[in-house]
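Architecture at a glance
Single-letter residue listing:
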Amino acid sequence: MKIILKNIDSDDKAYWLGWLFSDGCLNEKRNSIFLGLAKKDREIIENFRKYLKSNKPIQEYKGKDNREIGFGISKGLFIFSFDNKKIATDLKRVGMKQKKSLTLEFPKIKERLFFPFMRGFIEGDGWIFMNKCNKFCVGFLGTKEFTISALNIFKKYGFTFNVRRTHENGDKNVNMFTSVTCAKQDCLNLLDLLYKDCGDLFLTRKRNNYLKMKEYFKLNPHKTVHIKRRPKTVNFN
């Protein structure tokens, strides 16, 4: 198996790290790494397995809950998993942790790798779409700590997001926040950076959404969409 995460020093490593930070799972006791995705996104599982040059099989889970590995297994979920102490150690060094959903912090990577990392992260735990009313939306879900770090870097490039706390199971104090931007030109400028020089490192359906948004804007550059008033954005200061 290819050891890839000792140094996160390239776009491809940063991209796969983004996927592991969003939809991956680390079992520190067993030094096990998991990446689990729905059937429609199986291509990512296959590409990650190929990138690692691994011969480990991809497994499909059909509704059985397997809490040991940290996933609430749903029907049609595909999982690629392997045990590797070196990779597990390297992941922990850059900020990956077990049961990370409510405690995840932004990884220790160079800022020049921010957009490849966020491409993977947003493709996993985010949104890129144009709805039936032709409203654009780009956003992601993250902890307060992760969100603050990401938004600070986005701000350097001129991007702002509407942020609100996510209520999970009625809990208004859960440490999860949704960050969304909907201005058409801002969405496209942001996506241009996310997918710049991406090669074949992308989730097809979300990149296709970006291309559809880009084509629509090219044909309708001045058309605006009424956006309902959003909840007041969270101020972390």
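Residues numbered from 1 in each chain as written. Predicted model: local features only at pLDDT ≥ 70, side-chain atom pairs only at ≥ 80, totals over all residues. Heavy atoms only, no water.

Time to look at the pairing of strand 8 (residues 177-181). Buried residues dominate strand 8, accounting for five of its five residues. Where strand 6 (residues 136-142) meets strand 8, five bridges bridge the pair, whose relative direction is antiparallel. Looking at the pairing, Val138 lines up with Thr181 of strand 8. Strand direction decides the pairing type here: strand 7 (residues 162-165) and strand 8, joined by four bridges, are antiparallel. Residue Arg165 lies in a different strand from strand 8, and its bridge partner there is Phe177. (Buried < 20%, exposed > 50% of the residue type's maximum accessible area, 1.4 Å probe, protein only. Helix = DSSP H or I, 4+ residues; strand = E, 2+ residues; numbered from the N terminus. Pairing = 2+ DSSP bridges.)

You will see that Asn31, though not glycine, has its phi angle at about 55 degrees, which is positive. Take Asn31: it is sitting in the loop between strand 1 (24-27) and strand 2 (32-38). On the accessibility criterion, Asn31 (17% relative accessible area) is buried. Positive phi, normally seen in glycine, also occurs at Lys53, with a value near 55 degrees. The residue Lys53 is located in the loop between helix 2 (42-51) and strand 3 (58-61) in this model. Lys53 gets classed as exposed once you look at its relative accessible area, which sits at 65%.

Let us look at the packing of aromatic side chains. All told, the structure shown has 24 aromatic pairs when counted by the stated rule. Seen from their ring centres, Phe115 and Phe154 are 6.1 Å apart, and the 65 degrees between their planes marks the pair as edge-to-face. One end of the pair, Phe115, is in helix 4 (residues 114-125); the other, Phe154, is in helix 5 (residues 144-156), with 39 residues separating them in the sequence. The class for Phe115 is buried, based on a relative accessible area of 8%. The class of Phe154 is buried, set by a relative accessible area of 0%. Summarising the aromatic geometry, the rings of Phe115 and Tyr157 are spaced 4.9 Å apart at their centres and angled 85 degrees between planes, so their arrangement reads as edge-to-face. (Phe/Tyr/Trp six-rings, centres within 6.5 Å; stacked < 30°, edge-to-face > 60°.)

Here we have four strands laid out as an open sheet, ordered 5-6-8-7, and antiparallel in their pairing. At either margin of the open sheet sits one strand with a lone partner, and together these are strand 5 (126-130) and strand 7. For this sheet, the mean angle separating the axes of adjacent strands, direction not counted, is 15 degrees. In this fold helix 5 packs onto strand 6, strand 7 and strand 8, with an angle of close to 135 degrees to the strand it touches most, strand 6. (Axes fitted to C-alpha atoms, helices over the stretch in contact; angles between N-to-C directions. Contact = heavy atoms within 4.5 Å.)

Overall, antiparallel pairing links the four strands, which are arranged 1-2-4-3 in an open sheet. The open sheet has two free edges, formed respectively by strand 1 and strand 3, since each of these has just one partner strand. For this sheet, the mean inter-axis angle between neighbouring strands, taken without regard to orientation, is 25 degrees. In this sheet, strand 4 (residues 77-83) lies alongside strand 3 in antiparallel orientation, the contact comprising four bridges. Among the inter-strand pairings, Gln59 is bridged to a residue of strand 4, identified as Ile79. Those strands touched by helix 1 (residues 11-23) are strand 1 and strand 2, and its axis lies near 80 degrees from that of strand 2. Strand contacts of helix 3 (residues 85-94): strand 1, strand 2 and strand 4, with the helix running at about 75 degrees to strand 2, the strand carrying the most contacts.

All right, on to the pairing of strand 6 then. Of all the seven residues making up strand 6, six are buried; the element is thus mostly covered by neighbouring parts of the structure. Pairing geometry for strand 5 and strand 6, over five bridges, is antiparallel. When the bridges of strand 6 are listed, Trp127 appears paired with Gly139. Following strand 5, the chain reverses through five residues before pairing antiparallel with strand 6; Asn134 in that reversal takes a positive phi of roughly 65 degrees.

Once their charged atoms are close, side chains differing in charge can pair, the charge on each being opposite to the other. Counting across every chain of the model gives seven salt bridges. Two residues, Arg205 and Asp41, come together in a salt bridge whose shortest N-O distance is 2.7 Å. Of this pair, Arg205 sits in helix 7 (residues 204-219) while Asp41 sits in the loop between strand 2 and helix 2, placing them 164 residues apart in sequence. Judged by relative accessible area, Arg205 falls into the partly exposed class, the value being 32%. (Salt bridge = Lys/Arg side-chain N within 4 Å of Asp/Glu carboxyl O.)

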